[in-house]
Amino acid sequence: MREILGRRRRLRFRRGKREVGTGGVDPGTKAGMTRLDAALLCATEWDWPVLPGVGLRAAPTPPGTPRAGTPAGWRAAAERALGAWVGGARSAGPRADGSRDAGAPAPAVAACACPDPECVVPGAHPFDPGLLAATTDARMIRWWWSSRPEAPILLATGGRAPCAVSLPALAGVRALAALDAQGMRLGPVVATPTRWAILVAPYALERLGELLHAKDGVPASLRFHGEGGYLPLPPSTTGTGQVRWERAPLEGSARPWLPDVEAVVDALVEASTSMPGGGSRLAY
């Protein structure tokens, strides 16, 4: 009898653990959620087609670098930590205008795993499989991320999937504050260290063209991720750093609500023209 009860407890515990990765939760911020869990949530709960990104390769170790775990390696690590502490006292890193103090080290950019040595979106693009392989099939997604558990999650935008409007990170901070002040309702917002992306309802390229043609001016920094595009999703890591939710989908939602692209573009244009300098704060 005790053995039967013990088996029931173990089964209940395992079932509870599986539910952590499949419910309506914030992928990438829920403790213990893997990229496989997040990819399955996007594909099976929200019907968003995803595929693995190419990912990053380990940067080569410069000649003469002491190996970790040796006395020389420990001394080198201690010297780096001390240098970082002293440097932090001199400089807090990049300023708001993007400039840096001479003593502040430049941020490292990881190398892309694709064959292009000059890849401009390291780690954050499809390679093998290609973009057309994006799917909501749970068996395929399990196979992909079981083979490459650290692969970035890419959303294939357009069609029945969300599209997005992205802008530089600093401009994104100011834009979201302006949209909140206008009472604009937003859906999920994806953030990387360099750019923020506002997810919007699917749209056709023809409709986007008509919308932009009707505007007197649109901030040049805006990018549109529509049919045939892609966007990294949390909790991916790309060459520019960690991908996270700035505005996470609501817990328990069957499918995240998305605003119309026209409403978002109208609000961004209004926010840009109302800022000092005639929109320059959204232009970089």
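Structure: above.
The present account deals with the structure reproduced in this document. Note that this is a predicted model, so its numbers are computed, not measured. (Residues numbered from 1 in each chain as written. Predicted model: local features only at pLDDT ≥ 70, side-chain atom pairs only at ≥ 80, totals over all residues. Heavy atoms only, no water.)

Structural notes on the overall build of the protein chain
Alright, step 1. Each helix and strand counted, the protein chain has 7 helices and 12 strands in total.
Alright, step 2. Taken across its 284 residues, the protein chain has 40% of its residues classed as buried.
Alright, step 3. Here the protein chain has roughly 16100 Å² of accessible surface; of this, 57% comes from carbon and sulfur atoms. (Helix = DSSP H or I, 4+ residues; strand = E, 2+ residues; numbered from the N terminus. Buried < 20%, exposed > 50% of the residue type's maximum accessible area, 1.4 Å probe, protein only. Areas by Shrake-Rupley, 256 points an atom, 1.4 Å probe, with all protein chains shown as cover.)

A look at the packing of aromatic side chains
Alright, step 1. According to the stated counting rule, one finds 2 aromatic pairs in the structure shown.
Alright, step 2. Seen from their ring centres, Trp-46 and Trp-48 are 4.9 Å apart, and the 55° between their planes marks the pair as tilted.
Alright, step 3. Judged by relative accessible area, which is 0%, Trp-48 ranks as buried.
Alright, step 4. When the ring centre of Trp-257 is taken as origin, the NZ or CZ atom of Arg-185, which lies over that ring, is 3.7 Å away. (Phe/Tyr/Trp six-rings, centres within 6.5 Å; stacked < 30°, edge-to-face > 60°. Lys NZ or Arg CZ within 6 Å of the ring centre and 35° of its normal.)

Let's talk about the environment of Glu-246
Alright, step 1. Along the polypeptide, Glu-246 turns up in strand β12 (residues 244-247).
Alright, step 2. Among the residues examined, Glu-246 registers a relative accessible area of 29% and is labelled partly exposed.
Alright, step 3. C-alpha of Glu-246 to C-alpha of Thr-192: the two residues are 54 residues apart in sequence and 9.0 Å apart in space.

Structural notes on the pattern of salt bridges
Alright, step 1. Per the stated rule, a full pass over the model turns up 8 salt bridges.
Alright, step 2. One salt bridge connects Arg-35 with Glu-150, and the closest N-O pair in it is separated by 3.7 Å. Taken together, the positions of Arg-35 in helix α2 (residues 35-45) and Glu-150 in the loop between α4 (138-147) and β4 (153-157) put the pair 115 residues apart, joining distant regions of the chain.
Alright, step 3. Overall, Glu-150 belongs to the exposed group, its relative accessible area being 57%. (Salt bridge = Lys/Arg side-chain N within 4 Å of Asp/Glu carboxyl O.)

Observations concerning the sheet that holds strand β6 (residues 189-191)
Alright, step 1. Reading across from one edge, β8-β5-β7-β6-β12 is the order of the 5 strands in this open sheet, with antiparallel pairing throughout. Looking at which strands have only one partner, the edges of the open sheet turn out to be β8 (223-225) and β12. Ignoring strand direction, the axes of neighbouring strands in this sheet form an average angle of 30°.
Alright, step 2. Across 3 bridges, the pairing between strand β5 (residues 163-168) and β8 is antiparallel. Of the residues in β8, the one forming a bridge with Ala-164 is His-225.
Alright, step 3. Along the sheet, helix α5 (residues 169-182) contacts β5, β6, β7 (195-200) and β12; its crossing angle with β5, the most-contacted strand, is approximately 115°. (Pairing = 2+ DSSP bridges. Axes fitted to C-alpha atoms, helices over the stretch in contact; angles between N-to-C directions. Contact = heavy atoms within 4.5 Å.)

Observations concerning unusual backbone geometry
Alright, step 1. The peptide bond linking Asp-128 to Pro-129 adopts the cis configuration, its omega dihedral lying at 10°.
Alright, step 2. Along the chain, the position of Pro-129 falls in the loop between β3 (111-112) and α4.
Alright, step 3. Note that the residue after Pro-234, namely Pro-235, is joined by a cis bond; omega there is 0°.
Alright, step 4. Within the secondary structure, Pro-235 is located in the loop between β9 (229-233) and β10 (237-238).
Alright, step 5. Even without being glycine, Asp-47 reaches a positive phi, approximately 60°.
Alright, step 6. Mapped onto the elements, Asp-47 comes out in the loop between α2 and β1 (50-52).
Alright, step 7. On the basis of relative accessible area, Asp-47 is assigned to the partly exposed category, the value being 31%.

Regarding the nonpolar core
Alright, step 1. The biggest cluster of nonpolar side chains holds 29 residues, and the ones touching the most others in it are Trp-48, Val-50, Ile-141, Trp-145 and Leu-233.
Alright, step 2. Those elements giving two or more residues to this core turn out to be α2, β1, α4, β4, β7 and β9.
Alright, step 3. A total of 6 residues in this core trace back to one element, the largest contributor, which is α2.
Alright, step 4. Setting aside its immediate chain neighbours within four residues, Ile-141 contacts Leu-36, Ala-39, Leu-40, Ala-43, Val-50, Thr-135 and Thr-136.
Alright, step 5. Core analysis: the second largest hydrophobic core is formed by 25 residues, Leu-167, Ala-169, Leu-186 and Ala-267 among them. (Core = buried A, V, L, I, M, F, W, Y, C linked by side-chain atoms within 4.5 Å.)

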